[in-house]
Structure formats: structure tokens, C-alpha cells
Amino acid sequence: MSEPLLQRKIEKRPDRVRLPGRILFLTEDPELIKRQLAGEDLPWNTKDPASNFKLRDDISTDEITPAHICFFFDETLGDFPYTGLKCGNETPIQRGSVKSGGFVAAVSGKRRGKGSSREQSPYAELCAGIKIVIAENIERIYQQNCQNLGVLTSTNFSLIDKIRAGEEIPLEEFTQGQDDITRQIIEHGGLFNFNVARLQGKVFLPPITTKKRPMTLAEKIFAAHMVNAEGKVGVEAVQRGDSGFARTDLRFSHEYVTPMAAIFFDQLVGRDVPVNDASTVVFFRDHLTFLDEVLSEQKRKMGLLDLATQLKLKQETFARQRGIRLHGELTDRKGSEGICHSVVLESYALPGQLIVGSDSHTPHSGAIGCVAFGIGTTDVFNSWITKDVRVRVPKSVRVVIRGRKHPNVTAKDYMLALLRMDYIKNGKALAKVIEYSGEAIEALSVDERATLTNMAAEIGGFTGIVAPDEKAVTFLIERRNMDRKQAESMIDGLYSDADAQYAHVIEMDAEYITPMVATPGDPGNGKFIRELNTPVPIELAYGGTCTAGKNEDMDMYASVLSAALKQGKKIAPSVQFYIQFGSQETRDYCIRKGYLEIFQQAGAHVIEPSCGACINAGPGVTTRPDQVVISAQNRNFPGRSGPGQMYLASPLTVAASAIAGYVVEYEPSERELVGV
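Criteria and thresholds
Residues numbered from 1 in each chain as written. Predicted model: local features only at pLDDT ≥ 70, side-chain atom pairs only at ≥ 80, totals over all residues. Heavy atoms only, no water. Helix = DSSP H or I, 4+ residues; strand = E, 2+ residues; numbered from the N terminus. Rg over C-alpha atoms; globule rule 2.2 N^0.38 Å. Buried < 20%, exposed > 50% of the residue type's maximum accessible area, 1.4 Å probe, protein only. Contact = heavy atoms within 4.5 Å. Areas by Shrake-Rupley, 256 points an atom, 1.4 Å probe, with all protein chains shown as cover. Core = buried A, V, L, I, M, F, W, Y, C linked by side-chain atoms within 4.5 Å. Axes fitted to C-alpha atoms, helices over the stretch in contact; angles between N-to-C directions. Parallel < 35°, antiparallel > 145°, perpendicular 65-115°, else oblique. Nonpolar A, V, L, I, M, F, W, Y, C, P; charged D, E, K, R; others polar. Salt bridge = Lys/Arg side-chain N within 4 Å of Asp/Glu carboxyl O. Pairing = 2+ DSSP bridges. Expected span 1.5 Å × (residues − 1). Arc of directions from axis to C-beta. pLDDT = per-residue confidence, 0-100. Phe/Tyr/Trp six-rings, centres within 6.5 Å; stacked < 30°, edge-to-face > 60°. Left-handed = near helix turned anticlockwise from the far one by under 90°. Disulfide = S-S within 2.5 Å.

## Here we look at the overall build of the protein
Item 1. Each helix and strand in the protein was counted, giving 27 helices and 24 strands.
Item 2. In terms of overall size, the protein behaves like a compact globule, its C-alpha atoms giving a radius of gyration of 24 Å where 676 residues would be expected to give roughly 26 Å.
Item 3. Dimensions of the protein, computed from the C-alpha atoms along their principal axes, are close to 75 × 60 × 50 Å.
Item 4. The buried share among the 676 residues of the protein stands at 64%.
Item 5. Across the protein, the fraction of contacts at a sequence separation of at least 24, relative to all contacts at a separation of at least 6, is 75%.
Item 6. Summing over all exposed atoms, the protein offers an accessible surface of approximately 24,800 Å²; the carbon and sulfur share of this is 47%.

What follows is the structure, given as C-alpha cells:
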């Protein structure tokens, strides 16, 4: 590591902090927001909370910094916090209004910061003057990003009175209940300062002293990757709450995040300093490949297309300088090599590994028994220095799905059924490992299991995982050309012990789950399709993204469309249906299976791999508020994929609805079930 880091002077925060400034209440009522921006300070009764106005719940990072705002990767982000925040039917916060308002604190309700792992969100808040965020509960990645940047977080609403009175607040108010490492990160004002002090030997790293005990699968993987007191990797056992640093097997990032992390690295570490073990770092150009096809004229005039190009170029330059593998754009046609999560599962991840990525859907690789989780920009940048990430071993929630699913039900339907449960909607699964098990899970392919682990992000979980079995062995043999004996040896011992401890167990019966949708606004708005009171006409249908652009997803689209063609039907004239591959490997699979011809004959538009519509950056996005789309992607937060109304559904439901012209269950015949 560079000598300047070892010589850098690091100072800790004072023991007491004062937070001079105004408090911005993020309310459901847009008029209350506007009054605050105009200079009014709203009252708040800490003694009688029920008498207060309603705060917005479920504020996603998409609302804090909409996708196109993330093209900025410097302090300009301070002009934009909450510009996507939907209050009623309005988005009352405009560019610069928070920064000019003199706000030091922002207050909201349940599940603040859900969704994307984008660190641009707390960084935008910080650059706008927000030094503390207060909410009933706070999503894991968002809170960790805040801590890494030095933004204080709290669930203690009594601090509102202290901030308004200009009182000093003991720093321990923000560190109590935290593990030793998180406490020191807060005390040092952020992760980078802490890590420099760590390299200098000036911080306390608590030893993990847990003795051998029954462990969950995730705990076993953590134990194998935690750095011990001697600096070597591996400890005898861990239990929930143990904290330390875990050595990573793979670190990846995409063009939304790499440039900001690269700037941090160049400025704070050195332009000529190599990253730690570049062979285990991978970059992806997968988010903005098709941006030019959907970016509005207004956003072009803001220079956003040029900014997006700079993201790409900065990533390319850093990869070339540091000798890092970049899965980039295609050279012979428009598109990318693949979406990061799809490619990592297909080509890199191995059972028992610990994988981190710059995206909340990194748990995708948990489908073959990895502990894979999303991290923010500062964590990415610091992992390039140390090759490890800080971890507090999380609690686990076991999801047991028994029985046999209906032929028209998929993993996506299981997920939508889970997301509408009170336990999950109330945030009780936040930051926990979601372990999927039961006969219905064992019957799923690895591709379908990946839908479940991928969408642990929508639960707000730390990660999702499935114990690897014969299905995982077959996956490694078929996708990696791995020798069977080698593949079987990799899964040896990767299971939860019979008497492992769980924070909660959720039991479901597949028999009672029928095709579902999540109605617009949140993936937790799950309804059985047969519960919809009136037909829901659609204009757009979208099948793709990491969640639904895998080989088996393509099997589903092809099965529905092939059956329709045999009946003389095609995509409804009123519907545009887009099918987007998750990777070139999946595209090649479709060519081998003859699916491209089926898609084209049915009238679907086939698109090369990219995140695309899922982040409002490719074909399939809505352009009007009244436009209705049914999508197989993972989330439908306000504005995420355009201004329209998005229903989430399975690949089978999306394809069937595209044929019908409205939301409908897929009803296969016995003959059609072959290959589904």
C-alpha cells in the first residue's frame, strides 16, 4: 500500500456533536413539503407522535436520487436529493431546493432507503447539507453507505427536539448498540478514515471468539471468510452479531458506481497505486447501453447523455490502468456482454464463496450457495485497498415452501407472495439472511432459485441463499464444463445444521399460491391475479433484467408464445412486448433452441443484454403517467422505469398478458407443459 496512506494524519470526531440547521420532514402531503422549502419549520410533537402529520414510508433510493441523477458522480449530486420523492401525486422537491433550504436533518417513516444500493443517494444528501437522517427503521445498505460517508443515522425521534434547541448530542447516541467496528467507523467520520487508521494499526479489531456451534449455511461461509486475530482467513465459528472483516472471493462493480469509486481511489490512494489482487475484481458496462434510445430531449439538454458517456470512459480507463477485466459493450452490434449478476452466476460464482458487488441484486449468486451481497461505492473503493469488507454476522430468516407448485406458478410468484407478508412489509426481515428451503424450492432449477435470491433485495435482506444440491452440481457441469467430482466436492458441507438458530421461520404451501402481480408503487403490493376486480389493459410488456433474463425465463416466454402461435395468436395489437437477454450466453441458448424465431413470429421485440428498462435506461420504459406496463423485473418503485403504472409479474404472466392485451394468468394445456 502507498506510503502516503501510512503517513496520513487521521482525526476522530469530537465526543459531542452539534447539528445547526433546519429539519426537513418528508411527509405524504406535498403541500407540507412545499411550505418547508419556502421557509416554514413544521411543528413536531415528540411526546405525542400520533398527533403528528404522516411521514412518507418506503422511501426508495430511486426517489432520493432517480437513476438519471446518478450520471453525476461528484458534489453536483447535492443539487438533487429527493427530486424523485413522490408525495400524493406530486414530486414537490426540485433541483437545488434542499441545498438552499439550510436543512441539516431529514426525517421519514418506515423502511428509509429501500431498493438500490446506490451511494449517490446519501452522498447527494450530504452534499446538500444533510448531516443526519432519522427514520423508524433504515435499510441495511443505505444505512451502511451513510455511515461510510459520515452521515449520522438514528431511529430516535427525540433527537428532533435536541437538534432544534441547538443542543450538543453525545456521539454515543449514534454508536450505542453498534458493533465495535461500526462504532469506530462512526467515530472516525467514515470508512476510509477508519481503514487508514486500521492500516496504521490504530484501531481496535475485536477478535471473534465464538466456539464451535450449530450454524446456518450463511454462518458457515462467513466463518470460513472472516479475518482472524492473526490476520489469516477463517475462524472456528461465528454467531449473529460477531463483527469483523471478511475476505472476498470476488468484487465487482458497474459503470454507475465504478467511476465514483475510481475518483475516490485516485484522489485518496494514488493514481499509480494498483488495486489489491486485480484478478479478483471484475467491471461491467451493463446499465446504460441503450440509454440514448429512451433519454428525453429535456435530459439531453441537461447534458446527461454526455455524463453517461463519461461514466463509461472513466471505468474503461481505470480498468485498463489497473489490469482489471471489463465485460463491456459489444463491438459488432449494440448491447453488452451481459448484466453483472447474470454473468457472475454463469461464469464466476462458486458454491461457498463470498462475493460483493456494487448493486443491491448481488444476492443473485446465492442460488448456488454463495454469500453474495450488495455494497456501496465507499465499500467498493475500500475493498480495492484491503480485499475485504466489514461484516456484522446477520440473523437469518428461514423461508420454507412446501408442496408442489401449480404449472403456471414460478419463483416470481413465490417472491411476490412473500413480499406482501406483514413480517416483511413491516421491515422485520431487514438486514437478515433469507435462506430458502423446502420441497418446492428443491424442485426449482438454479435459474429459478436465482429469482428468489436476487429479490432478497426487495425484502431488504442482507442476502438470499439456497443450499447447493444436485441441481447446483448439474448447473456447474452444464454451464462451466466442470468435472462432476469437482462440482460435488464444492458443495460438500454446504448446508445448515439441523439445530441452527433462526430469527424467524416463514412457512408457505405452494398449493395455495396462484399467479400474482404486484400493483404499481411497490413490490410488496402483491395480489393474486384472480383478486383483480376489473381487467387491467396494458400497453407495454417487458421480459428481461437479471431477474427475468435467464435461460429458464426464456423457456417460459417461448412456451407461451409458441402455444399462442399454434392457436393463430400473436402479441396483441395494442401491446409492445420487449424480451431482453440477461447475457450473451442466454442469447446463444435462445439461438440453439430456436427461440428467436418464435419471439419474432409472435411480434416481440428482442433486445441485446443490458439492465435497460429496469432503471429507466432502455426500451420498455413508460413515457406517460397513464401508461400501464407489466414487467418481469424486480421492482416497481415510483419513477423507476418511467412515469407510468407498472405491474410486476412472472415471465409466464407477462407473456400471456402480452398476448391477451390485459393482465391475465397463463393457462397451459398438458401438451404445452412440456419444457416449461
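## So, the nonpolar core
Item 1. Grouped together as the largest cluster of nonpolar side chains are 71 residues, with contacts concentrated most on F222, V238, F265, L288, F373 and W384.
Item 2. Apart from residues no more than four positions distant in its own chain, W384 is found in contact with R251, S253, T258, A261, A262, F265, V275, N276, V281, F283 and F318.

## Observations concerning the packing of helix α25 (residues 584–593) against helix α26 (residues 595–602)
Item 1. Running from N to C, α25 and α26 point in directions that differ by 85°, and their axes come no closer than 5 Å. Taken as axis vectors, α25 and α26 run roughly perpendicular relative to one another. Contacts from Y589, C590, I591 and K593 of α25 reach α26 at Y595, L596 and F599.
Item 2. Its residues placed into classes, the contact of α25 with α26 shows 6 nonpolar, no polar and 1 charged.

## Quick word on the pattern of salt bridges
Item 1. The tally for this structure, following the rule as stated, stands at 51 salt bridges.
Item 2. The closest approach of N and O atoms between E125 and R112, which form a salt bridge, is 2.8 Å. In this pair, E125 is assigned in helix α4 (residues 120–127) and R112 in the loop between β3 (103–107) and α4, connecting sequence segments 13 residues apart. Accessibility classification places E125 together with R112 in one group, the buried group.
Item 3. A salt bridge links E507 to R402, with the shortest nitrogen-to-oxygen separation between them at 3.1 Å. Of this pair, E507 sits in strand β17 (residues 504–509) while R402 sits in strand β14 (residues 396–402), and the two are 105 residues apart along the sequence.

## Describing the sheet that holds strand β16 (residues 463–466)
Item 1. A sheet is described by the order of its strands in space; here 4 strands give the open sequence β16-β15-β14-β17, paired in parallel fashion. Pairing within the sheet leaves two strands with one partner each, and these edge strands are β16 and β17. For this sheet, the mean angle separating the axes of adjacent strands, direction not counted, is 20°.
Item 2. Packed onto the sheet, helix α16 (residues 411–419) meets β14, β15 (433–437) and β17 and runs at close to 130° relative to β17.

## A word on the sheet that holds strand β2 (residues 22–25)
Item 1. Here 4 strands make up an open sheet; going across it, the order is β2-β3-β4-β5 and the pairing parallel. Here the strands that pair on one side only, and so sit at the sheet edges, are β2 and β5 (152–154). Taken pair by pair, the neighbouring strands of this sheet meet at an average axis angle of 20°, ignoring direction.
Item 2. Of the strand pairs in this sheet, strand β4 (residues 132–134) and β5 are connected by 3 bridges, and their pairing is parallel. When the sheet's bridge partners are listed, V133 is paired in β5 with T153.

## Quick look at helix α19 (residues 446–454)
Item 1. Extensive coverage of α19 is indicated by the burial of 9 of its 9 residues.
Item 2. When α19 is considered as a whole, its buried residues turn out to be V446, D447, E448, R449, A450, T451, L452, T453 and N454.

## Topic: helix α13 (residues 304–322)
Item 1. With 19 residues, α13 ought to run about 27 Å at 1.5 Å a step, and its terminal C-alpha atoms sit 27 Å apart, in line with that.
Item 2. When α13 is considered as a whole, its buried residues turn out to be L304, A308, L311, Q315, F318, A319 and R322. The arc that holds the buried residues of α13, viewed along the axis, is 100°, so those residues lie on one side. Opposite the buried face of α13, by more than 90 degrees, sit the exposed residues D306, R320 and Q321.

## Section: the confidence of the model for the protein
Item 1. When pLDDT is averaged across the protein, the result is 95; 99% of the residues are at 70 or more.
Item 2. Contacts of residues 672–676 to residues separated by more than four positions or lying in other chains number 10 contacts, the stretch itself having pLDDT below 50.

## Here we look at the packing of aromatic side chains
Item 1. Under the criterion given, the structure shown has 22 aromatic pairs.
Item 2. Consider the rings of F252 and F284, whose centres lie 5.9 Å apart with planes at 85°: the pair is edge-to-face. In this pair, F252 is assigned in strand β8 (residues 250–254) and F284 in strand β9 (residues 281–284), connecting sequence segments 32 residues apart.
Item 3. A relative accessible area of 3% places F252 in the buried class.

## Some points on the environment of D499
Item 1. Along the chain, the position of D499 falls in the loop between α22 (484–490) and β17.
Item 2. Residues D499 and L19, 480 residues apart in the sequence, show an inter-C-alpha distance of 47 Å.

## Some thoughts on unusual backbone geometry
Item 1. Look at Y82: it is not a glycine, yet its phi comes out positive at around 70°.
Item 2. Along the chain, Y82 turns up in the loop between α3 (61–64) and β3.
Item 3. For Y82, a relative accessible area of 1% puts it in the buried group.
Item 4. Backbone geometry places K387, a non-glycine residue, at a positive phi of 70°.
Item 5. Tracing the backbone shows K387 in the loop between α15 (377–386) and β13 (388–392).

## As for the packing of helix α24 (residues 551–566) against α26
Item 1. Contact pair α24 / α26: the axes reach a minimum separation of 9 Å and the direction vectors enclose 50°. Compared by their axis directions, α24 and α26 come out oblique. As α24 runs across α26, the sense of the crossing is left-handed. Here M554, D555, Y557, A558, L561, S562 and L565 of α24 come into contact with α26, specifically with Y595, I598, F599, Q601 and A602.

## What about the pairing of β13?
Item 1. The buried count for β13 comes to 4 of 5 residues, which makes it a mostly enclosed element.
Item 2. In this sheet, β13 lies alongside strand β7 (residues 243–247) in antiparallel orientation, the contact comprising 5 bridges. Directly across from A246, in β13, lies its bridge partner V389.

## Comments concerning the side chain of N636
Item 1. Looking at where N636 falls in the secondary structure, it is placed in the loop between β23 (628–631) and β24 (645–648).
Item 2. Taking relative accessible area as the criterion, N636 reaches 4% and is therefore assigned buried.
Item 3. Ignoring sequence-local partners within four residues, the contact set of N636 consists of A518, T519, P520, G521, D522, P523, M646 and L648.

## Side note on the state of the cysteines
Item 1. Under the counting rule described, the total for this entry stands at 0 disulfides.
Item 2. Unpaired in terms of disulfides, C87 finds its nearest cysteine sulfur in C70, a separation of 19 Å.
Item 3. Residue class for C87 comes out buried when judged on its relative accessible area of 0%.
Item 4. Just so you know, C127 is unpaired, no disulfide at all, and the nearest cysteine sulfur is the one on C146, 12 Å from it.
Item 5. Its relative accessible area of 18% is what places C127 among the buried residues.

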